[in-house]
Structures are given as C-alpha cells and as structure tokens.
Amino acid sequence: EVDAIRRSDRHRAVLLFYKYFTPAQPAVSPLISHQRSLCLRLGLRGRVLLSEEGINGTVSGADRRVLREYIRDTESFSPDDTAPSPLVDIDWKWSDVADNPGAPDHVFPDLKVEATSEIVSTGGSVSVDDVRRYGGDHVSPREFREMLLREDVVLVDVRNTFEHAVGHFFDRSGGPAVQPAAMTNFSTFDKVYCAQNAEILRDKTVMMYCTGGIRCEKASAALRRRGVEDVRQLTGGIHRFLEEFPDGGGVFRGKNFVFDQRVTAGGGGGVVGRCVECAAPYDELCGSRICTVCRDLVLVCPDCVERLREFHCARHARLKRYYFTFLEPYDLSELEGQLAGLAAARAAPEAGGANARRTLLKKMRAVEKRMEELRIGK
C-alpha cells in the first residue's frame, strides 16, 4: 500500500461525497474491500468511511480523469451480482488544488478505508431510518439564498465551532447563523441543541447547512423528530453553494473549512474570523494552534502566538490563567495560584457536567504532583 501511494503523482483534484443507504446495506465488508483495492490501484489518498447506514468520503487524485474512473468503478460495483449497486446516485462534489508554488503535493497524508458504526456520529441517537422518515426538505443554493434575503428564518450552522469561526452564512438582517456555542462535536447536536430548542423552534422556519450536506441529513431529522416541522437544508452544503456563488452571493462571508491539509477552500465577503485573544480580524487556522483544554483548533493571530505559551478556545477562556498542559515553566507560587484557580473553576456553576469536572480534577492532581516535585528538588 505504501509503495502504491508513493508512486502516485501530485494530487490536483479532490472529490467529496456521501450517501445514506435506505434501507440499510448489511454487506459492508465487500464494499470496504472494493474501495480499498480501487483507491490503491488509482493511487488515491483520503478517507472513506463505510457502515450499514452509508458511505462518507473525501479522496484526492492526480487529476479529474483519475477521479472520474473512481466514480465509474464505485457506481458499478455491487456486493450482490443480482442487485443494483448501492452506490449509484451519489452527489459527487469536485474541487481543485491550486497548482502554484507552495501548494502541497498531497492534501491527505495517506489512504484510510474503514468500517464505522455511523458515517456521521450522533452517538446512536439518529439512525438512517430517522433520516428517511424525518429528514428536512432539500433546497438548492439559489433557493437557499433567496430565502435568506427575503424571509424571516432561523439560520442554523450544524458544523463545529472552529469551522463556523472562519466562515458562515448571514440572514437578511445581517445576523450570523446560530452556531451552538458548546458544539465541538456533532454528536451533541440532538442531545443538547435540539433538546433545548425544539419547543422554541416549533412554529419557525429553520434553515440549516454544513460543509457538504451530510450532517444536515441527520440534524434535520433530529429536529423534525422533536416536532419542528418546517426544516430546510442546503443541498450540497457550503461546497455546492460556493460553486454557484463563488463570491458568497451576499449571504456567505469568510472561508469554507475543509477536512484536509488545505484547511480552507473558497469563500467570499472578507474576513469574519477573530483572534480569540485580541479580537483582531484573522482567519488562518493552523494545526499547531489548538485549545490546551479540549484540543479544538483556535484562531490565534501571529502577534498573540508570540506572547502566549498555550492557547484557549472561547469556551475555555475562563481557564486561561489556570489550565496549562506544560507545567515545567512555572514556579511553586505560580502553581499554587493555578491550583486555587482550578479548584474555584471546578466548583463554579458554569463548570459543566461530570466530564468537565473530571478534567479539571485531573489537571489539579497534575499540578499537585508538579508542586511536590519542586518541593523535593526535582
């Protein structure tokens, strides 16, 4: 496998795709074997997830010709010779990698084709049958834009916080999309956002979007299952919208986050991101700039990077004087201050649930251990 990847050319084309199987497709192993052998034969890289509920993938190849061959072979394969392929009618989304100085040879480091329980994780709270029964109404990019410009709607971004930070839609009043502040993992959307807001949204028109559409399939089902009838989802997500309106169409500003080494692709309407420390306009996410508490990507401008040892996301900003991964730079008095701060944060009403309190307790124990080391001269 490694040799096959090494022989591949520079990758200049990317393919984003998903499909929910309705009904579920139990014969997943043959699909995995076929996808793995096909990707290796064509020298592709990327991520392909398969489960009984569907397929979710992003792959890169040398050019569009290679990826068109991938599409043909994928759509023609069936684990059962007597049945049609479960992989027909996929909405394939294309993007190109800029071929200029400094552009990476590959947007993925390797190839992974894996089995999973869900192609988008909800912790089992939303099934593929829910998608079929309750999924929201699909609207085209043009319809989505017209509704945002003309109608009063509740606009919901179902992506993670760091994705929203660099680019998002705005409604007709100029207000940004709602993005659940605590949602650093999509699996919390149903259990937290829907549970807390379904009653409020029951008589509203809800419009939602994500990167390519896959998360909205489950998000819309989760909301409608709780009694919110009028739920619309953007067909093809931000990706498809920016194909039709490369400048953002007056309703999308910033950049579209992508899950590969490009980090962002496309967008319009200027910079919407802000440095979490100084609030200066900034929208360059970097893999080395992550929250020291939750490990999420954070926007930190170069000036603040120079003066900070570690970074904290907006959700954990209240801990930025107390919670640090690396304790060696601090003396005993500084560590005593950290320990007191962590104890107070853990006792505060806004500390969060049991997991958050356990995280703080674990850090307190680490600080105490470091203090003891200093006392005995280590």
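Note that this is a predicted model, so its numbers are computed, not measured. (Residues numbered from 1 in each chain as written. Predicted model: local features only at pLDDT ≥ 70, side-chain atom pairs only at ≥ 80, totals over all residues. Heavy atoms only, no water.)

K.L.:
Whenever I open this one, the sheet that holds strand β9 (residues 206-209) confuses me. Can you help?
P.N.:
With parallel pairing, the 4 strands of this open sheet are ordered in space as β6-β10-β9-β7. Both edges of this open sheet fall to β6 (137-139) and β7 (154-157), since each of them pairs with a single strand only. When the angles between neighbouring strand axes are averaged without regard to direction, this sheet yields 30°. (Pairing = 2+ DSSP bridges. Helix = DSSP H or I, 4+ residues; strand = E, 2+ residues; numbered from the N terminus. Axes fitted to C-alpha atoms, helices over the stretch in contact; angles between N-to-C directions.)

K.L.:
What's the story with the side chain of S220 in this structure? I'm lost.
P.N.:
Locating S220 in the fold gives a position in helix α8 (residues 214-225). At 3.3 Å, the side chain of S220 forms a polar contact with the backbone oxygen of E217. With sequence-adjacent residues up to four places away left out, S220 is seen in contact with Y134, G135, G136, M208, V231 and Q233. (Polar contact = N/O pair within 3.5 Å; in protein donor to acceptor, adjacent residues only side chain to side chain. Contact = heavy atoms within 4.5 Å.)

K.L.:
Teacher, can you tell me more about α8 here?
P.N.:
Structural remark: α-helix, 3.6 residues per turn; residues separated by three or four positions point the same way. With 12 residues, α8 should cover 16 Å at 1.5 Å per step; its first-to-last C-alpha distance of 17 Å lies within 8% of that length. Counting buried positions along α8 yields 10 of 12 residues, so the element is predominantly enclosed. Those residues of α8 that sit buried are I214, R215, C216, E217, K218, A219, S220, A221, A222 and L223. At the exit of α8 stands G227, carrying a positive phi of roughly 100°. (Expected span 1.5 Å × (residues − 1). Buried < 20%, exposed > 50% of the residue type's maximum accessible area, 1.4 Å probe, protein only.)

K.L.:
Looking at this structure, how should I read the sheet that holds strand β1 (residues 13-20)?
P.N.:
Reading across the sheet, the 5 strands line up as β4-β1-β3-β2-β5 and stay open at both edges, with mixed pairing between neighbours. Here the strands that pair on one side only, and so sit at the sheet edges, are β4 (93-96) and β5 (111-115). For this sheet, the mean inter-axis angle between neighbouring strands, taken without regard to orientation, is 10°. Inspection of the sheet shows strand β2 (residues 45-51) paired to β5 by 5 bridges, in the parallel sense.

K.L.:
Got a minute to help me understand the pairing of strand β11 (residues 252-257) in this structure?
P.N.:
As a general feature of sheets, a regular strand has side chains that alternate between the two faces. Relative to β11, strand β8 (residues 167-169) is paired through 3 bridges, and the arrangement is antiparallel. Looking across to β11, one finds that F169 is bridged to F252. Strand direction decides the pairing type here: β11 and strand β12 (residues 264-268), joined by 4 bridges, are antiparallel. If you follow F257 over to β12, its bridge partner there is T264. Two successive antiparallel strands, β11 and β12, enclose a turn made up of 6 residues, where V263 displays a positive phi of approximately 75°.

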